[in-house]
Structures are given as structure tokens and as C-alpha cells.
Amino acid sequence: GAGVSQSPSNKVTEKGKDVELRCDPISGHTALYWYRQRLGQGLEFLIYFQGNSAPDKSGLPSDRFSAERTGESVSTLTIQRTQQEDSAVYLCASRSPNNEQFFGPGTRLTVL
Amino acid sequence: AQSVTQLDSHVSVSEGTPVLLRCNYSSSYSPSLFWYVQHPNKGLQLLLKYTSAATLVKGINGFEAEFKKSETSFHLTKPSAHMSDAAEYFCVPRSRGSQGNLIFGKGTKLSVKP
């Protein structure tokens, strides 16, 4: 079946602009994660959604970052007033019932 | 708290020779551990996972890992490297909290020489 998809695959924006990144999880996966991967680094956890529960936002680096999820489907990650340090690959993962996380291809964000 | 240490930032092997990527964990309880692979400009792919059901875990593409509690290790091995194995490999514990997020370190870059 289809895996996790993300869009856009690449986004170049100017400092100070807002960006919105989208994630379509695997159908039936109730848990969804956003991670960030800076150049040459491992992934940093950003936010976690589980069903209709309140999201765990403990990994968000600043209040410029927010995310939403509609039910158990699409999620969007929004970064307001982007800064150059926000440049990274943003990865989304959905979790199967046996606790395996499947990652999307990521969105490469470049802030000029 | 739990964490892992991947002892080598870069490993280089010749095609056809064995691969050993080392991972040691620190945890006061039996952890959930995963190995992920990330090929250049591609997404992360799950290789295998340890969840206490079996200490020797077989994954995809001929990789396997053995959980050794006495050594607090979960090293990734493959008998014979292939050029297509060149990638970044991450040994990843899962957070014990309710969110269950994966805790990534910097990984080990595997190079395979012809």
C-alpha cells in the first residue's frame, strides 16, 4: 500500500516568511510524528499526535512552530517568520499498531 | 532515561567483506531498539527492531543484530557488504514515555569500496 507522503519535497523561502508543510500518513495509523533533521545530524523530535488526544508539543523549538492534525489523517506543520536556522529536512512518520514508525521522504526547507 | 552510543561516526569496508556497526545502549530497563538506514537523498527505512521477543533479530537486506544484555550492545552486522549498502545507519531507542518518539543520534556513515 501507499507509504507516508509529504509535500512539498523542496521549499525555498525568504527569511521572515511563513511556510506550511504537509504530511499524509499511512491509512489506519493513529500516531503521527514530526521530526527535524539538520545537515549532518540525527533527527530531532518536534511533535506527536495520537488519535484525538492533545498533541505532545514538547519538542517544538519555539512558538513560531505549530502543527495541526485533522482526525487521524493529514497533518500540517507551520513555521512562522522563518529564520535561517530553520533550514533543515522536516520528516513525518506514522506509527503502526506494532510500534514501527514509517517515515515519509521529507521536505527540504531552505531559508535564504 | 535511556540513550545509545554509536561508537563509529564512519565505517569503510570493501565490497564482499563483513559489516559491523556498533551500538551500545544505556538503560535501566529493557529498551525498544531499532536500526534505521538512510540512503543519500532518500527517506529513512526501518532495517530491524528489538522488542525483547528474541535477542537475535533478522532484518531486511541481509542485516541482523544481536541484543546482548551483558554487554549492553545491539550491534548491526551483515556477512557480505554490497555497494548498495553505502548509507547512514542509525541505532535508535524509543522513548519510554507515552509519546514513544524515537531518539536519534548522529549515526554511522557506511562506505563500501569496490
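One can find the structure itself at the top, above this paragraph.
Read on for a plain summary of the structure. Computed from a predicted structure; not experimentally measured.

Across its full length, chain B carries 0 helices and 11 strands. Put simply, chain B runs from its N terminus to its C terminus through helices and strands in the order β-β-β-β-β-β-β-β-β-β-β. Taking 114 residues into account, the globule formula puts the C-alpha radius of gyration at 13 Å, and chain B, at 14 Å, falls close to it. Taken over the C-alpha atoms alone, chain B extends approximately 45 × 30 × 20 Å along its principal axes. Residue pairs at least 24 apart in sequence account for 54% of intrachain contacts in chain B once pairs closer than 6 positions are excluded. Within the structure as shown, chain B displays about 5600 Å² of accessible surface, and the carbon and sulfur contribution to it stands at 50%.

The next subject is the nonpolar core. Membership of the largest hydrophobic core comes to 25 residues, with the highest contact counts inside it found for Trp 35, Phe 74, Leu 76 and Tyr 89 of chain B. Taken together, the elements giving at least two residues each to this core come down to β2 (10-14), β3 (19-21), β5 (33-38), β6 (44-50), β8 (64-68), β9 (73-78), β10 (87-93) and β11 (108-113) of chain B. Beyond its immediate stretch of four places on either side in the chain, Tyr 89 of chain B contacts Gln 6, Leu 21, Trp 35, Tyr 36, Val 37, Leu 47, Phe 63, Leu 76, Gly 107, Thr 108 and Leu 110 of chain B. Core analysis: the second largest hydrophobic core is formed by 20 residues, Leu 21, Ile 26, Leu 60 and Val 111 of chain A among them.

A few words now on the pattern of salt bridges. Enumeration according to the criterion identifies 8 salt bridges over all chains in this entry. We note a salt bridge from Arg 64 of chain A to Asp 86 of chain A, for which the minimum N-O separation is 2.8 Å. On the criterion of sequence distance, the pair formed by Arg 64 of chain A in the loop between β5 (43-50) and β6 (65-69) and Asp 86 of chain A in the loop between β7 (75-79) and β8 (88-95) is long-range, its members being 22 residues apart. Classification of Asp 86 of chain A as buried rests on a relative accessible area of 1%. Measuring nitrogen to oxygen at the nearest pair gives 2.7 Å for the salt bridge that ties Lys 58 of chain B to Glu 64 of chain B. Here Lys 58 of chain B falls in the exposed class, since its relative accessible area comes to 62%.

All right, on to the packing of aromatic side chains then. This structure, assessed with the given rule, holds 14 aromatic pairs over all chains. Plain terms: the ring middles of Phe 90 of chain B and Phe 104 of chain B are 5.5 Å apart, the flat faces sit at 75° to each other, and that makes the pair edge-to-face. Residue Phe 90 of chain B is found in strand β10, and its partner Phe 104 of chain B is found in the loop between β10 and β11; the two are separated by 14 residues along the sequence. The two residues Phe 90 of chain B and Phe 104 of chain B agree in class, both being buried. Members of the aromatic cluster, each reached through a chain of ring pairs, are Tyr 33, Tyr 35, Phe 45, Tyr 48 and Phe 103 of chain A together with Phe 34, Tyr 36, Phe 90 and Phe 104 of chain B.

To continue, consider the interface of chain A and chain B. Residue-level contacts link 19 residues of chain A with 18 residues of chain B. Summing the contributions of chain A and of chain B, the shared interface buries around 1500 Å²; its carbon and sulfur component is 50%. One can count 1 salt bridge joining chain A with chain B. For Glu 100 of chain A, the salt bridge goes to Lys 49 of chain B, with nearest N and O atoms at 3.0 Å. One can count 8 residue pairs in polar contact (both at pLDDT 80 or more) joining chain A with chain B. Secondary-structure elements contributing two or more residues to the side of chain A that touches chain B are β4 (31-37), β5, β8 and β9 (101-103) of chain A. Class assignment for the residues of the side of chain A that touches chain B results in 8 nonpolar, 7 polar and 4 charged.

The rules behind these values
Residues numbered from 1 in each chain as written. Chains lettered and ligands numbered in written order. Predicted model: local features only at pLDDT ≥ 70, side-chain atom pairs only at ≥ 80, totals over all residues. Heavy atoms only, no water. Helix = DSSP H or I, 4+ residues; strand = E, 2+ residues; numbered from the N terminus. Rg over C-alpha atoms; globule rule 2.2 N^0.38 Å. Contact = heavy atoms within 4.5 Å. Areas by Shrake-Rupley, 256 points an atom, 1.4 Å probe, with all protein chains shown as cover. Core = buried A, V, L, I, M, F, W, Y, C linked by side-chain atoms within 4.5 Å. Buried < 20%, exposed > 50% of the residue type's maximum accessible area, 1.4 Å probe, protein only. Salt bridge = Lys/Arg side-chain N within 4 Å of Asp/Glu carboxyl O. Phe/Tyr/Trp six-rings, centres within 6.5 Å; stacked < 30°, edge-to-face > 60°. Buried area = accessible area lost by both parts, 1.4 Å probe. Polar contact = N/O pair within 3.5 Å; in protein donor to acceptor, adjacent residues only side chain to side chain. Nonpolar A, V, L, I, M, F, W, Y, C, P; charged D, E, K, R; others polar.

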